[in-house]
Amino acid sequence: MCRCHLRDTSPKYNPKDYLNSKGQHSVVLQAVADHNLCFTDVYVGCPGRTGDDRVLANSDLFRLAGGPSFSPGEFSDCQWSRDTSSSGRRPSVPTEELPVASELKKRQAPKAPELPILERRNWLIHLHYIRKDYETCKAMIKDQLQETQGMCEYAIYVQALILRLEGQIQPSLELFQSCAILNPTSSDNLKQVARSLFLLGKHKAAIEVYHEAGKLNEKDWEINHNLGVCYSFIKDFQNSEEQLNAALQLKKHDRTFMTLGKVHLLAGDTDKAIEVYKSAVEFSPENAELLTTLGLLYLQLGKYQKAFEHLGNALTYDPNNYKAILAAGSMMQTHGDFDVAMNKYRVAACMVPESPPLWNNIGMCFFGKKKYVAAISCLKRAHYLSPFDWKVLYNLGLVHLTMQQYASAFLFLSAATNLQPRLGELYMLLAVALTNLEDVDNARRSYEQAVALDQSNPLVNLNFAILLYNHGDKNGALQQYQELERKVNILKDSNTEFDPELMDMAQKMAAALQVGESLEWTKPVKDPKSKQRSAGATSKAPGSSQQPLGTNQALEQAMSSAAGYNKSITLPTGVSPHSQPKPPSLPLEEEPDVETTPTSPDDPSRAPQPEESDPSTTLPPLAAKPKVKKSKLKQELN
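Worth saying up front: this structure is predicted, and the values here are computed from it rather than measured. (Residues numbered from 1 in each chain as written. Predicted model: local features only at pLDDT ≥ 70, side-chain atom pairs only at ≥ 80, totals over all residues. Heavy atoms only, no water.)

Glancing now at the overall build of the protein. What the protein contains, in helices and strands, is 30 helices and five strands. Residues classed as buried in the protein amount to 50% of the 638 residues present. Sequence-distant contacts in the protein: of pairs separated by 6 or more residues, those separated by 24 or more amount to 58%. (Helix = DSSP H or I, 4+ residues; strand = E, 2+ residues; numbered from the N terminus. Buried < 20%, exposed > 50% of the residue type's maximum accessible area, 1.4 Å probe, protein only. Contact = heavy atoms within 4.5 Å.)

Turning next to the UniProt feature "repeat: TPR" (unreviewed entry) in the protein. Annotation from UniProt places "repeat: TPR" (unreviewed entry) at residues 254–287, 288–321, 356–389, 390–423 and 424–457. Along residues 288–321 one finds 79% helix and 0% strand; the C-alpha atoms at either end are 7 Å apart. (UniProt positions renumbered as here; feature names shortened; annotations may be inferred.)

Under the counting rule described, the total for this entry stands at 14 salt bridges. Between glutamate 147 and arginine 121 there is a salt bridge, and its shortest N-O distance comes to 2.8 Å. Note that glutamate 147 is positioned in helix H6 (residues 134–148) and arginine 121 in the loop between helix H4 (101–107) and helix H5 (122–130), a separation of 26 residues in sequence. Accessibility expressed as a relative area gives 26% for arginine 121, which makes it partly exposed. The salt bridge partner of lysine 391 is aspartate 389, with a shortest N-O separation of 3.9 Å. Summarising the burial analysis for this pair, lysine 391 and aspartate 389 share the class buried. A network of salt bridges, in which partner residues are shared, links Asp188, Lys191, Asp220 and Glu222. (Salt bridge = Lys/Arg side-chain N within 4 Å of Asp/Glu carboxyl O.)

As a further point, take the confidence of the model for the protein. Of the residues in the protein, 71% have a pLDDT of 70 or more, and the chain-wide mean is 74. Of all secondary-structure elements in the protein, the lowest mean pLDDT belongs to helix H29 (residues 552–564), at 26, while helix H20 (residues 372–385) reaches the highest, 94. Confidence drops under a pLDDT of 50 for residues 70–101, and excluding neighbours within four residues, the segment shows 46 contacts in the predicted structure. Confidence drops under a pLDDT of 50 for residues 525–638, and excluding neighbours within four residues, the segment shows 333 contacts in the predicted structure. (pLDDT = per-residue confidence, 0-100.)

To continue, consider the nonpolar core. One finds Tyr345, Ile362, Leu462 and Met509 to be the most contacted residues of the largest nonpolar core, which totals 70 residues. Within the second largest apolar cluster, 35 residues are counted, among which are Leu190, Ala194, Ala206 and Leu227. (Core = buried A, V, L, I, M, F, W, Y, C linked by side-chain atoms within 4.5 Å.)

Taken together, the seven bridges between strand S2 (residues 26–33) and strand S3 (residues 39–47) define a ladder with antiparallel strand orientation. When the sheet's bridge partners are listed, leucine 29 is paired in S3 with valine 44. If you look at the hairpin formed by S2 and S3, you'll find five residues sitting between the two strands, and leucine 37 has a positive phi there, around 65°. (Pairing = 2+ DSSP bridges.)

At their nearest, the axes of helix H9 (residues 187–199) and helix H10 (residues 203–216) sit 8 Å apart, and the two run at 170° to each other. Between H9 and H10, the crossing angle belongs to the class labelled roughly antiparallel. For the pair H9 and H10, contact is made by Ser187, Leu190, Lys191, Val193, Ala194, Arg195, Leu197 and Phe198 and by His203, Ala205, Ala206, Val209, Tyr210, Glu212, Ala213 and Leu216, respectively. (Axes fitted to C-alpha atoms, helices over the stretch in contact; angles between N-to-C directions. Parallel < 35°, antiparallel > 145°, perpendicular 65-115°, else oblique.)

Side chains three or four residues apart in an α-helix point the same way, a direct result of the helix having 3.6 residues per turn. Over its 13 residues, helix H23 (residues 424–436) extends 19 Å from the first C-alpha to the last, a length consistent with the 18 Å expected when each residue adds 1.5 Å. Of all 13 residues in H23, twelve are buried; the element is thus mostly enclosed. Listing the buried residues of H23 in full gives Gly424, Glu425, Leu426, Tyr427, Met428, Leu429, Leu430, Ala431, Val432, Ala433, Leu434 and Thr435. In the stretch just after H23, glutamate 438 is the one whose phi turns positive, near 65°. (Expected span 1.5 Å × (residues − 1).)

For the structure on display, the rule yields seven aromatic pairs. With a centroid separation of 5.9 Å and 45° between ring planes, the pair formed by tyrosine 129 and tyrosine 134 is classed as tilted. Aromatic pair phenylalanine 198 and phenylalanine 233: ring centres 5.3 Å apart, planes at 90°, arrangement edge-to-face. Separated by 35 residues along the polypeptide, phenylalanine 198 in helix H9 and phenylalanine 233 in helix H11 (residues 221–233) bring together distant segments of the chain. Its relative accessible area of 15% is what places phenylalanine 198 among the buried residues. (Phe/Tyr/Trp six-rings, centres within 6.5 Å; stacked < 30°, edge-to-face > 60°.)

Moving on: helix H18 (residues 338–351). The end-to-end C-alpha separation of H18 is 20 Å, in line with the 20 Å expected for 14 residues at 1.5 Å each. The set of residues buried in H18 consists of Phe338, Ala341, Met342, Tyr345 and Ala348. Burial along H18 is one-sided: seen end-on, the buried residues are contained in an arc of 120°. Elements in contact with the buried residues of H18: helix H17 (322–334) and helix H19 (356–368). (Arc of directions from axis to C-beta.)

Let's shift gears to the packing of H19 against H20. The contact between H19 and H20 brings their axes to 8 Å, and the two run at 165°. By the angle class used here, H19 and H20 are roughly antiparallel. In terms of crossing hand, the pair formed by H19 and H20 is left-handed. Two secondary-structure elements touch here, H19 through Pro356, Trp359, Asn360, Ile362, Gly363, Met364, Phe366 and Phe367 and H20 through Tyr372, Ala374, Ala375, Cys378, Leu379, Arg381, Ala382 and Leu385. (Left-handed = near helix turned anticlockwise from the far one by under 90°.)

Okay, the side chain of asparagine 20 next. Relative to the helices and strands, asparagine 20 is located in the loop between strand S1 (2–7) and S2. Residue asparagine 20 is classed as buried on the basis of its relative accessible area, which comes to 10%. Among the polar contacts made by the side chain of asparagine 20, one reaches the side chain of serine 26 at a distance of 3.1 Å. (Polar contact = N/O pair within 3.5 Å; in protein donor to acceptor, adjacent residues only side chain to side chain.)

Within the secondary structure, alanine 194 sits in helix H9. Judged by its relative accessible area of 0%, alanine 194 is buried. Sequence separation of alanine 194 and alanine 206 is twelve residues, and the distance between their C-alpha atoms is 4.4 Å.

What follows is about the environment of glycine 167. Summarising the element assignment, glycine 167 is placed in the loop between helix H7 (153–165) and helix H8 (169–182). Sequence spacing of glycine 167 and leucine 199 is 32 residues, and the spatial spacing of their C-alpha atoms is 10.0 Å.

The subject of this paragraph is the environment of arginine 381. Mapped onto the secondary structure, arginine 381 falls in helix H20. With residues near it in sequence (within four places) discarded, arginine 381 still touches Pro353, Glu354 and Trp359.

A separate point is unusual backbone geometry. If you check the backbone angles, lysine 235 has positive phi at about 65° while not being a glycine. Mapped onto the elements of the fold, lysine 235 is located in the loop between H11 and helix H12 (237–250). Given a relative accessible area of 37%, lysine 235 falls into the partly exposed group. For glutamine 404, which is not glycine, the phi torsion reads 65° and is therefore positive. Looking at where glutamine 404 falls in the secondary structure, it is placed in the loop between helix H21 (390–402) and helix H22 (406–419). The exposure class assigned to glutamine 404 is partly exposed, which follows from its relative accessible area of 30%.

Pasting the structure below:
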């Protein structure tokens, strides 16, 4: 306890009563502090001449301590300051200037209620938790639980949160269940129980607990949102959509829009996903993640103008958004601007140096620039970072196939088929590698698998027909050629333009098989100029780019020696997956066994693939040469 004098100006009434021992006008301040130097009581207002005992006797602290009340005249002889008057009498302080104990009692504020022992340290536990001082927080929780014999709900709740942050999901679940037992009417406790179950992979159990929490609080949007996420993990997309829409009706949130868009994409409804992302951008126009996702969707659909617009807006609000940077680089790479794309990738490499899609794209840029050793180095780094990404293995197999390293190509392509067993083009490239390794039986089986899986690509049938013709099975080659005609007629009706090399090789194959009628590759049109354009244009689907990732000259030279090793009557096997550039796909977490799930936002441009080349033998020129292009998403998901 201490007292001090607060200096003041001379009061209007009774100024002498406020003179202290130093002859200055003041009022007395009495303060009490604890061992931590925290004030526990403050009393101020007595005139400067009032003695210490008189101040204490008139303070609230004295009465709270059980001391007697004193009248204003008591202690006057021993406590007043030195008399400065000429009469020699000690002046007494007027009664009306000092507050009486009864008057103080009336003006006293009501005493704050004492906190029960169960909740006494909750504020301090919360303070240490939000400061992330977890060790001190756990020590205080331990003391609190010892005092309360484990009955403090908040202490158990915070301890469970800390354990979950440390990765101890099962112990946190048990503690949250204890909180739910102590307070069964709290929806927050049930939400945390369901969250722990979700993290343990028990999605159905989490759904049940979330429904129980929803009964306690029907207007909590987070419960509906989490229910939608749980339903999406068990692939119940209809219920997931209902719960997410209910969450948006209660409260619009960016996270809910993103999840709803992903659910539509997982269900294969791209149009609905775009509408959801449009609504999300209207609600939150400065969200770079939403703008990037919408731009990638437009890119996937071939709407490059809208894609550039949204990706540009995303980079405006967040210049370090590596997903948008990778998407822009991929578009430039698709159009053959490898140097500009590499500049974009350099910026992204500073932010995400360990990104597998980034190194995959860099590797394919080097491949397009005919720097095959650098391409293999970058692709192997991508493979090291993501050993189960079949696209990286696909590209590695293609580069090795281009460099005539057929054994290495076989290893990478066979690994890719194990990870993606439903893509026909993989089996076709595998058959090419096996053919060059002189394993005809397995090459034939691989072609049969490719034909069974790919119902739209005529090049699979053409290459299979070449293999059969080279080994004397003209009837089988004729059947594959007839299947080729059927696919070409279907694609021709949809105004698809074919690669002139494909048309040339098919005509030579028809001549070798002595097929009477020649195959028409274009739909009859009135404008002769359009015929000339279709005859001279490269293979292109609506909305795709015409620019391949590589050049015919380099790849033709790479395969020329492979075609020249056998200059007899038999024809070397052709390799030419007819593919088109594919824009990068959506930023979604891939779900297992969901074939229609788009790839990650920084997904590499689809693998370059080989195409037919002209021969140098006496029979129709059916030698193979790869051409780098990216396959379309539809072909990938077939």
